[in-house]
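# Residue-level structure breakdown
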Amino acid sequence: MWASTRTVSLQGAVGHVVDVQVDVSQGQIATNLVGRADASINEARDRCRAAIENSDYRWPTSRRITILLSPADLPKRGPHFDLAIAVGVLAAGDVEFPPGALDDVVLIGELTLDGRLRCVPGVLPMAMSASARGINRVIVPEPQINEAALVPGVEAYGARSLRQVVALLTGAEVVPEAPPVEPPTGQLLLSWRGEARLEDVDLVDVLGMEDARFALEVAATGGHHMLLTGPKGAGKTTLAERLPTILPDLSPEESLELTAIHSLCGALPSATPVLTRPPFRAPHHSASRAGILGGGSGRVRPGEVSKAHLGVLFLDEFPLLPSDVVEALRQPLESGEITIARGDEDATYPAAGMLVLAANPCPCGEYHPYRRDNRCTCGEVKRREYRRKLSGPIADRIDITRFVEPVKKHELRDKLARPESSAAVLARVTRARQRQRARYDGTPWRLNAHVPGPLLRESWPLDEAATQRLDKEVYGGQLTRRGATRVHRLSWSVADLRGLAKPGLDELEVALRLRSATPLDLAMIGGAA
Ligand SMILES: Nc1ncnc2c1ncn2[C@@H]1O[C@H](COP(=O)(O)OP(=O)(O)O)[C@@H](O)[C@H]1O
Ligand SMILES: [Mg+2]
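In this text, all values refer to a predicted model and were calculated from it rather than measured experimentally. All residue numbers refer to positions counted from 1 along the written sequence of the respective chain. Whichever chain is written first is A, and whichever ligand is written first is 1; the rest continue in order. For this predicted model, a pLDDT threshold of at least 70 governs which residues receive local features, and a threshold of 80 or more governs which side-chain atom pairs are given and counted, while totals over whole chains, interfaces and linings are taken from all residues. As a rule here, side-chain values come from all non-hydrogen atoms in the structure, and water together with hydrogens is ignored.

## Points about the overall build of the chain
Check the secondary structure of the chain and you find 23 helices and 18 strands. Principal-axis analysis of the C-alpha atoms gives the chain an extent of 85 × 50 × 45 Å. The cut-offs for exposure are 20% and 50% of the maximum accessible area for each residue type, with area from a 1.4 Å probe on protein chains only; residues under the lower value are buried, those over the upper are exposed, and the others partly exposed. When each of the 529 residues of the chain is scored for burial, the buried share is 52%. Contacts: residue pairs with any heavy atoms within 4.5 Å of one another. Relative to all contacts within the chain whose residues are 6 or more apart in sequence, the contacts with residues 24 or more apart total 73%. For the accessible areas, the method is Shrake-Rupley and the probe is 1.4 Å, while residue cover comes only from the protein chains on display. Here the chain displays about 23,400 Å² of accessible surface, and carbon together with sulfur accounts for 52% of that area. A residue counts as positive if it is Lys or Arg and as negative if it is Asp or Glu; His and the chain ends are not included. For this purpose, a charge sits on NZ of Lys, CZ of Arg, CG of Asp or CD of Glu. Of the charged side chains in the chain, 64 are positive and 65 negative, and the gap between their average positions amounts to 6 Å. Secondary structure elements follow DSSP: runs of H or I no shorter than four residues count as helices, runs of E no shorter than two count as strands, and numbering proceeds from the N terminus.

Below, the structure written as structure tokens:
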């Protein structure tokens, strides 16, 4: 007897539909699992057998069972293969399914020993890959039904147990059962709650700092990476934490993309699974390498860089991060994705968030280059070592660098100066982003920061005078080619904020200053408002 069922194997964020073929025949009694399965799938044999027997079905003990996972050369991991394997064994054995009932349905779920279905990570990206392959019916653990149903066109069915799944597939009446197995509420949910603190912040609380505020607005507009340096207490953290307040909501397809990544980290909350706001992730510099970049023992999980996809990854006190983590950030900075190598397998996850770095001028935070009453106690060698992480490969990939000065006393006392609110800035950013969306319509890009350099130069050049000026900077050695591309993108963001058809010399000048940490003149900032 022979049967086949379908499930999905995830490799990084990419899913492949996998056929589970089960053959039950006479011969030497054994259960063989073939097709590059990882340890957790090999354990599925034992779990499935217990689940089948405890659900009052029969495991074909006196036969030879061969389970083939194909395509065979694709590595397969995760406990969610249980359901497809168990149903396959039943179909090849005693249970009669209507013809075709198993053909166009994807089965996802881990089984407990007593035959109940347990939630698994990655249900959303799995449902997305099933749908991409033209399979629009999925059966998932009951608490994850909303997660699967987020995919347009997908019919999601939730079940609590193997018995209920069999009933669904045979068209029998589904009997109510014991409560479903609760999804593991892990760190993910807790950290979401933690962000509630950031919901009350607003740019209206930030006094002075016109230069840095404007830079933040440009960064939000085009999705540019940014570095804030300055003495302790200057307001770097205060400013960076307010960046999400000026980022527009995600579009429906962006929501799905981000939610899929979070789904890989664990089951999403069943009531409101979809994430519609750009994420803001701020891991501490002592967080583990796997926590920040992705990886981990056992199953590979996306790290903070990927959870910050389409939003903000804020690395405060950046130079205190370990050097190997700093090195590894080069890839996401450049390409918007991160590849985690593990054994014979690579996993690639999206990581196209804005990177915002903050750094004190030295480990103690008191160093001031121009002031005579310098209270820094670090010493030149320590200071230089600390700052080395800010130069070189990372600095070259950062679009905007700002030196933040502490607000002056008179600015703090000035009752007439009323800072702009986040809502006012958000309105400008939203308009500027609409301009980009219209311009890049029909391409895979939505933000200036993501458009490849060659295409940008060819299709959306600066005006004549600005192009000549930028070329001069490159030939004069003040800018690398990579630097020039970044300045070009920044010029577009400034032009989009100003509502211009094309960036000219003025916009280029602002971009050059933003890139080279040169303070802006007040007149340049006024141009945006
Ligand atoms: N421009 C500013 N307007 C209002 N408050 C400020 C400003 N700059 C700093 N502060 C206040 O000073 C404190 C230290 O700021 P913080 O952002 O932590 O500095 P940094 O991260 O640069 O060390 C915070 O409590 C913040 O509210
Ligand atoms: Mg700080």
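## Some points on empty space enclosed by the protein
As defined here, a cavity is a set of points on a 1 Å grid over the protein atoms alone where a 1.4 Å probe fits but cannot get out. A pocket is an open set with protein on both sides within 12 Å along at least five of seven lines, and residues line them when an atom is within 4 Å of a point. Grid points are joined across faces, edges and corners, and a volume is the space filled by probe spheres set on the points. Within the structure shown, the criterion is met by two cavities of 30 Å³ or more. Considered as a void within the structure, the largest cavity measures approximately 200 Å³ in volume. In terms of lining residues, the largest cavity is bounded by 18 residues, among which Leu10, Arg77, Leu264, Arg299 and Val300 are the most central. Of all elements in the fold, only β1 (2–11) and β16 (345–350) reach the threshold of two or more residues within the lining of the largest cavity. Per-element accounting of the lining of the largest cavity gives the leading share, three residues, to β16. All residues other than Ala, Val, Leu, Ile, Met, Phe, Trp, Tyr, Cys, Pro, Asp, Glu, Lys and Arg, Gly among them, are scored as polar; the first ten of these are nonpolar and the last four charged. Among the residues forming the lining of the largest cavity, the class breakdown is 10 nonpolar, five polar and three charged. Each domain's extent was defined by an automatic or database domain assignment. When residues of the lining of the largest cavity are assigned to domains, at least three fall in each of domain 1 (2–170) and domain 3 (225–398). The space that makes up the second largest cavity amounts to roughly 90 Å³. Lining the second largest cavity are His225, Val305, Ala308, Leu313, Leu329, Pro332, Leu333, Ala351, Gly353, Met354 and Leu355. Each residue belonging to the lining of the second largest cavity can be placed in one class, and the counts come to nine nonpolar, two polar and no charged.

## A few points about the pattern of salt bridges
Here a salt bridge means any side-chain nitrogen of Lys or Arg lying within 4 Å of a carboxyl oxygen belonging to Asp or Glu. One pass over the full model with this rule turns up 37 salt bridges. Ionic pairing is found between Glu217 and Arg428, a salt bridge with its closest N-O pair at 2.7 Å. With a gap of 211 residues between them, Glu217 in helix α8 (residues 210–222) and Arg428 in helix α18 (residues 422–439) connect regions that are remote in the sequence. You can call Glu217 buried: its relative accessible area is 5%.

## Structural notes on the packing of helix α2 (residues 44–54) against helix α3 (residues 82–92)
Note on geometry: axes are C-alpha line fits, over the in-contact stretch for helices, and angles between N-to-C directions span 0 to 180 degrees. Their axes nearest at 9 Å, the elements α2 and α3 cross at an angle of 60 degrees. By the criterion of interaxial angle, the relationship of α2 to α3 is oblique. Crossing of α2 against α3: the hand is right-handed. Between α2, through Ala44, Arg47, Cys48 and Ile52, and α3, the contact on the second element is made entirely by Asp82, Ile85, Ala86, Val89 and Leu90. Classifying every residue of the contact of α2 with α3 gives seven nonpolar, no polar and two charged. Here roughly perpendicular refers to angles of 65 to 115 degrees, roughly parallel to angles under 35, roughly antiparallel to angles over 145, and oblique to all remaining angles. We call a crossing left-handed when the near helix sits turned anticlockwise from the far one by less than a right angle, and right-handed when that turn is clockwise.

## Digging into the packing of aromatic side chains
Only the six-membered ring of Trp is used, alongside the rings of Phe and Tyr, when aromatic pairs are assigned; centres must lie within 6.5 Å, and planes under 30 degrees apart are stacked while those over 60 apart are edge-to-face, with the rest tilted. Within the structure shown, the criterion is met by two aromatic pairs. Ring geometry for Tyr440 versus Trp460: centroids 4.9 Å apart, planes at 85 degrees, classification edge-to-face. Linking Tyr440 in the loop between α18 and α19 (453–459) with Trp460 in the loop between α19 and α20 (464–475), this pair joins segments that are 20 residues apart in sequence. Of the two residues examined, Tyr440 and Trp460, each falls in the buried class.

## Topic: the side chain of Arg242
Counting through the fold element by element, Arg242 comes out in the loop between α9 (236–240) and α10 (252–264). Looking at Arg242, the relative accessible area reads 9%, which means it is buried. What qualifies as a polar contact is a pair of N or O atoms within 3.5 Å, subject to a donor-acceptor requirement within protein and to the restriction that residues adjacent in sequence count only when both atoms come from side chains. Polar side-chain contacts of Arg242 include one of 2.8 Å to the backbone oxygen of Asp202. Reaching out from Arg242, the side chain makes a polar contact with the side chain of Asp205 at a distance of 3.5 Å. Residue contacts for Arg242: discarding those within four places in its chain leaves Val201, Asp202, Leu203, Asp205 and Val206.

## Notes on the sheet that holds strand β18 (residues 400–403)
Here the rule is simple: two strands pair whenever DSSP picks up at least two bridges between them. In space, the five strands of this open sheet follow the order β11-β14-β17-β10-β18, with parallel pairing throughout. Looking at which strands have only one partner, the edges of the open sheet turn out to be β11 (280–281) and β18. Pairing between strand β14 (residues 312–315) and strand β17 (residues 354–359): four bridges, direction parallel. Within the sheet, the bridge partner assigned to Val312 lies in β17 and is Met354.

## Concerning the site of ligand 1
Only heavy atoms are used to decide nearness, and a residue is near a molecule or strand if one of them lies within 4 Å of it. By nearness alone, 13 residues border ligand 1, and Leu207, Gly233, Lys236, Thr237 and Thr238 come closest of all. Leu207 is positioned with one of its backbone polar atoms (N or O) 2.7 Å from a nitrogen atom of ligand 1. At a separation of 2.6 Å, an oxygen atom of ligand 1 approaches a polar side-chain atom of Thr237. Relative to its unbound accessible area of 560 Å², ligand 1 is 65% covered by the protein chains. Classifying every residue of the shell around ligand 1 gives six nonpolar, four polar and three charged. No fewer than three residues from each of domain 2 (201–224 + 399–529) and domain 3 (225–398) sit in the shell around ligand 1.

## Details of the domain arrangement of the chain
A common way to report how large an interface is uses the accessible area buried once the components associate. With domains assigned, the chain is organised as domain 1 (2–170), domain 2 (201–224 + 399–529) and domain 3 (225–398). Inter-centroid distance (C-alpha atoms) of domain 1 to domain 2 is 51 Å.

## Section: the pairing of strand β10 (residues 226–229)
Alternating residues of β10 divide into Met226 and Leu228 and Leu227 and Thr229, and every residue in both groups is buried. Pairing geometry for β10 and β17, over four bridges, is parallel. Each bridged residue has a counterpart across the sheet, and for Thr229 the counterpart in β17 is Ala359. Pairing of β10 with β18, which is carried by four bridges, proceeds in the parallel orientation. Among the inter-strand pairings, Leu227 is bridged to a residue of β18, identified as Thr401.

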